[in-house]
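Descriptive analysis of the structure
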Amino acid sequence: MASSTTQLSLLDVVNQCDSYPLSDSKDPAQQARLASLTFHDFVVDGIPVGRIHSTIVPYMAAYNDTTPTFHITDNAVAFMPWMNDYNSRSDSIAQMLEQWRKNEDVFPVLKGWRGELYGVYTHIIDPATTKQGAALAIERSACGLFGVHAYGIHMNGFVRTGPSPQDLQMWIARRSLTKPTYPGLLDNMVAGGMGFGHSPWYTVIKESMEEASLPEEIAKRARSVGTISYTKLSKNGKETQPETQIMYDLELPLGLSPVPCDSEVENFRLWTMDEVLTAIRAGEFKPNCACACLHFMLRHGVLTPENEPDYLEIDQRLHRRIEYPGPKKWPTFKEEH
């Protein structure tokens, strides 16, 4: 957590979340940073779906010695021709990751193993070689190692106390101190990654109950309000995480309060827009959750071209174009109805 004396600009906050250098930037510092990074393209069926740091590639080559899986060149990693369907690709990646888990010094990110899969997509949706459109699936905690496009939902819970944008108040969650990522930081009322086999709407309903004790009849009042997208570069420069968060708003009556249900949330508090902005500027939010709040404030007129000098750039940067394909239709095979 940032110190109480930290004062970030709102654009600084976006930069923390969308930290992978922009390829079309004219900023010499960004150009130099991009040139210093050494990644291989991760390619499936001839289509780039992610990026793998050059220091990781030798471990994939070593895995090849016992289980021939990858075709590795100077700038790309692809599957061998016989690894040509969802099952063969997913199973081989899973076996390799199980080996890597035992080497936490090299793969510290795998200490946060989730036991949850994320789908990886190309433009090909042939049912003979994909599973509901996914070319393969990867353990959630390992997605940054492969730089594949991940998805989640964020839902802003809010109340109205008057007609002005400044009369809006937002429910803010404090993340559990036992969370494997960003423990103790502030979060949106409801947020969660989309496990492979779950649609955005199903995830909203599920996470609303699990994190905030909101029953289905309340959660179904949520409204889809767009997306935010960004690519985060890890502090060590070896993992990248392109993400798209599908955004929802849920207006709650003043008398209804979210209540922690599972172990992922410490507590909730209802804050004014000024209180939320103060905490964002102090670095107290998980970075993508801060961006989700800024997206809300832009849409509801809390932030305007008149009161925020970086208004235009913030709005543009919250919608980074992710260069990797996504699903045309969300897989739903794990949903319970």
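Look up: the structure comes first, before these words.
Everything numeric here is computed off the predicted structure, so don't read it as measured data.

Concerning the overall build of the protein
- A tally of helices and strands in the protein yields 10 helices and 13 strands.
- Here the protein has a C-alpha radius of gyration of 21 Å; the compact-globule value for 337 residues is 20 Å, and the two agree.
- Overall, the protein is about 65 × 50 × 35 Å in size when its C-alpha atoms are taken along their principal axes.
- For the protein, with 337 residues in total, the buried portion stands at 53%.
- Contacts in the protein between residues far apart in sequence, at least 24 positions, make up 69% of those at least 6 positions apart.
- Summing over all exposed atoms, the protein offers an accessible surface of approximately 15400 Å²; the carbon and sulfur share of this is 51%.
- Between the centroid of the 31 positive side chains of the protein and the centroid of its 41 negative side chains there is a distance of 1 Å.

Examining the packing of helix 3 (residues 57-66) against helix 4 (residues 86-100)
- Helix 4 packs onto helix 3 with a crossing angle of 110 degrees between their chain directions and a minimal axis gap of 11 Å. Between helix 3 and helix 4, the interaxial angle falls into the category roughly perpendicular. By crossing handedness, the relation of helix 3 to helix 4 is classed as right-handed. On the side of helix 3, the interface is formed by Tyr 59, Met 60 and Tyr 63, while helix 4 contributes Ser 92, Gln 95, Met 96, Gln 99 and Trp 100.
- Residue composition of the contact of helix 3 with helix 4, grouped by class: 5 nonpolar, 3 polar and no charged.

Quick word on the pattern of salt bridges
- A full pass over the atoms with the stated rule returns 15 salt bridges.
- A salt bridge links Glu 98 to Arg 101; the nearest nitrogen and oxygen atoms lie 3.7 Å apart.
- The exposure class of Glu 98 is partly exposed, given its relative accessible area of 39%.
- On the basis of relative accessibility, which here comes to 33%, the residue Arg 101 falls in the partly exposed class.
- Of the charged contacts, one joins Glu 207 and Lys 206 as a salt bridge, the two residues approaching to 3.0 Å between their closest N and O atoms.

Brief notes about the pairing of strand 6 (residues 134-139)
- Among the 6 residues of strand 6, 6 are classified as buried, and the element is accordingly described as predominantly covered.
- The pairing of strand 5 (residues 117-121) with strand 6 spans 5 bridges and is classified as antiparallel. Counterpart to Leu 117 in the pairing with strand 6 is Glu 139.

Focus on the sheet that holds strand 2 (residues 47-53)
- Pairing is mixed in the open sheet, where 4 strands are placed in the order 2-1-4-3. For this open sheet the edge positions go to strand 2 and strand 3 (70-72), each flanked by a neighbour on one side alone. Across the sheet, the axes of successive neighbouring strands diverge by a mean angle of 30 degrees, strand direction being ignored.
- Here strand 1 (residues 39-44) runs beside strand 4 (residues 76-79); their pairing, made up of 3 bridges, is parallel.

Concerning the pairing of strand 8 (residues 168-175)
- Counted residue by residue, strand 8 has 8 buried out of 8 residues, so it is predominantly covered.
- Burial along strand 8 is two-sided: the face carrying Leu 168, Met 170, Ile 172 and Arg 174 and the face carrying Gln 169, Trp 171, Ala 173 and Arg 175 are both buried.
- Two strands pair when backbone bridges link them, and strand 7 (residues 150-160) and strand 8 are joined in this way by 4 bridges, in the antiparallel orientation. Within the sheet, the bridge partner assigned to Gly 157 lies in strand 8 and is Trp 171.
- As paired strands, strand 8 and strand 13 (residues 265-272) are joined by 7 bridges and run antiparallel to one another. In the strand pairing of strand 13, Trp 171 is matched with Leu 270.
- Here strand 8 runs beside strand 9 (residues 186-188); their pairing, made up of 3 bridges, is antiparallel. Across the sheet, residue Ile 172 finds its bridge partner in strand 9, namely Asn 188.

Some words on the side chain of Thr 240
- Mapped onto the fold, Thr 240 is located in strand 12 (residues 240-251).
- A distance of 3.4 Å separates polar atoms of two side chains, one belonging to Thr 240 and the other to Arg 51.
- Setting aside its immediate chain neighbours within four residues, Thr 240 contacts Tyr 20, Phe 39, Arg 51, Cys 143, Gly 144, Gly 147, Thr 231, Lys 232 and Leu 233.

Re unusual backbone geometry
- One non-glycine residue with positive phi stands out, namely Gln 132, at about 45 degrees.
- In this fold, Gln 132 is placed in the loop between strand 5 and strand 6.
- Even without being a glycine, Tyr 182 presents a positive backbone phi close to 50 degrees.
- On the accessibility criterion, Tyr 182 (30% relative accessible area) is partly exposed.

Calculation criteria
Residues numbered from 1 in each chain as written. Predicted model: local features only at pLDDT ≥ 70, side-chain atom pairs only at ≥ 80, totals over all residues. Heavy atoms only, no water. Helix = DSSP H or I, 4+ residues; strand = E, 2+ residues; numbered from the N terminus. Rg over C-alpha atoms; globule rule 2.2 N^0.38 Å. Buried < 20%, exposed > 50% of the residue type's maximum accessible area, 1.4 Å probe, protein only. Contact = heavy atoms within 4.5 Å. Areas by Shrake-Rupley, 256 points an atom, 1.4 Å probe, with all protein chains shown as cover. Lys, Arg positive; Asp, Glu negative; His and termini not counted. Charge placed at Lys NZ, Arg CZ, Asp CG, Glu CD. Axes fitted to C-alpha atoms, helices over the stretch in contact; angles between N-to-C directions. Parallel < 35°, antiparallel > 145°, perpendicular 65-115°, else oblique. Left-handed = near helix turned anticlockwise from the far one by under 90°. Nonpolar A, V, L, I, M, F, W, Y, C, P; charged D, E, K, R; others polar. Salt bridge = Lys/Arg side-chain N within 4 Å of Asp/Glu carboxyl O. Pairing = 2+ DSSP bridges. Polar contact = N/O pair within 3.5 Å; in protein donor to acceptor, adjacent residues only side chain to side chain.

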